[in-house]
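# Structural overview
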Amino acid sequence: MSDFKKNPEKYSKFQVTIMMERREITNNPWTDASWKALGVMIDSRHDSEFKHFERVVADADMEQYLWSGMTLALYADECESYYYNLMSDNPLIFVISRANDVLNLPEPFVVSASFDEANAYQESDDQVFSAAMAPDIYRWVEGFVLENYVPEKKYKRKRVV
């Protein structure tokens, strides 16, 4: 029996840290900055109950922030979306955020490897950022998909005459 089957809860959630970048935009009447996710990394140092963010780089027109204590969770019913993400030319991790008007920045609240979940949040007006999937996260998602994904059998419809 594989380790996935013995301890599925061990593999269905992972602590991650998100790195995001803010760049100043000049001569734009609608916004003063652009944001992008630089990466999502596995983080075993932080407690899941303690969410923390800090500015780690500050330059004249660019700042970088780390959000720690975030959880990347995998669900068996999303395996098809994970599979197609892994099979794409550029597998991605999605960071879903909401605007924090007090701090004037997007605040991540969900991290996902599912195209479908990211699309659903984007349609509900949340901000969705994507970053290349780190190799260690790729292997973890791949193992989860191999253990839990059973493709639906394709069948041909009978023609009714």
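Attention here is on the structure that accompanies the text. (Residues numbered from 1 in each chain as written. Predicted model: local features only at pLDDT ≥ 70, side-chain atom pairs only at ≥ 80, totals over all residues. Heavy atoms only, no water.)

### Considerations on the pattern of salt bridges
Applying the stated criterion across every chain yields a total of four salt bridges. The shortest N-O distance in the salt bridge between Glu21 and Arg23 comes to 3.1 Å. Of the charged contacts, one joins Glu63 and Arg55 as a salt bridge, the two residues approaching to 2.8 Å between their closest N and O atoms. A relative accessible area of 17% places Glu63 in the buried class. Classification of Arg55 as partly exposed rests on a relative accessible area of 48%. (Salt bridge = Lys/Arg side-chain N within 4 Å of Asp/Glu carboxyl O. Buried < 20%, exposed > 50% of the residue type's maximum accessible area, 1.4 Å probe, protein only.)

### Some words on helix α3 (residues 79–87)
What α3 keeps buried is the set Cys79, Ser81, Tyr82, Asn85 and Leu86. Mapping the buried residues of α3 onto a view down its axis gives an arc of 160°, with all of them on the same face. On its buried face, α3 is in contact with β4 (62–73), β5 (92–100), α4 (115–123) and α5 (135–148). (Helix = DSSP H or I, 4+ residues; strand = E, 2+ residues; numbered from the N terminus. Arc of directions from axis to C-beta. Contact = heavy atoms within 4.5 Å.)

### Here's the deal with unusual backbone geometry
The phi dihedral of Asn27 falls on the positive side, at around 60°, and the residue is not glycine. Of the residues examined, Asn27 reaches a relative accessible area of 80% and is grouped as exposed. Residues other than glycine seldom take positive phi values, yet Asp125 does so here, at roughly 70°. Along the chain, Asp125 falls in the loop between α4 and β7 (127–132).

### Regarding the side chain of Glu21
You can see Glu21 is positioned in strand β1 (residues 13–24). What makes Glu21 buried here is its relative accessible area of 8%. Here the side chain of Glu21 touches Gln64 through a polar contact of 3.0 Å, side chain to side chain. (Polar contact = N/O pair within 3.5 Å; in protein donor to acceptor, adjacent residues only side chain to side chain.)

### Looking at the pairing of strand β3 (residues 52–58)
The sheet contact formed by β3 and β4 spans six bridges and is antiparallel. Looking at the pairing, Val57 lines up with Gln64 of β4. Count of turn residues in the β3/β4 antiparallel hairpin: three residues. (Pairing = 2+ DSSP bridges.)

### Here we look at the packing of aromatic side chains
Within the structure shown, the criterion is met by eight aromatic pairs. Between Tyr65 and Trp67 the ring centres are 5.9 Å apart and the planes differ by 40°, which places this aromatic pair in the tilted class. No difference in accessibility class separates Tyr65 from Trp67, as the two residues are buried. For the ring pair Phe109 and Tyr121, a centre distance of 5.6 Å and an interplane angle of 80° mean the geometry is edge-to-face. Of the two residues, Phe109 sits in strand β6 (residues 105–112) while Tyr121 sits in helix α4, which places them 12 residues apart along the sequence. Taking the relative accessible area as the measure of exposure, Phe109 reaches 30% and is therefore partly exposed. For Arg98, the ring lying beneath its charged end belongs to Phe109, and the centroid distance is 4.0 Å. (Phe/Tyr/Trp six-rings, centres within 6.5 Å; stacked < 30°, edge-to-face > 60°. Lys NZ or Arg CZ within 6 Å of the ring centre and 35° of its normal.)

### What to know about the pairing of β1
Two faces make up the sheet, and in a regular strand the side chains alternate between them. As paired elements, β1 and β4 share 10 bridges and run antiparallel to each other. Bridging across to β4, Ile18 finds its partner in Trp67.

### Details of the nonpolar core
Ile137 and Val141 are the most contacted members of the largest nonpolar core, which totals 29 residues. Residue assignment for this core shows that the elements contributing at least two residues are β1, β2 (33–42), β4, α3, β5, β6, β7 and α5. The element contributing the most residues to this core is α5, with five residues. Membership of the second largest hydrophobic core comes to five residues, among which are Phe94, Ile96, Val110 and Ala118. (Core = buried A, V, L, I, M, F, W, Y, C linked by side-chain atoms within 4.5 Å.)

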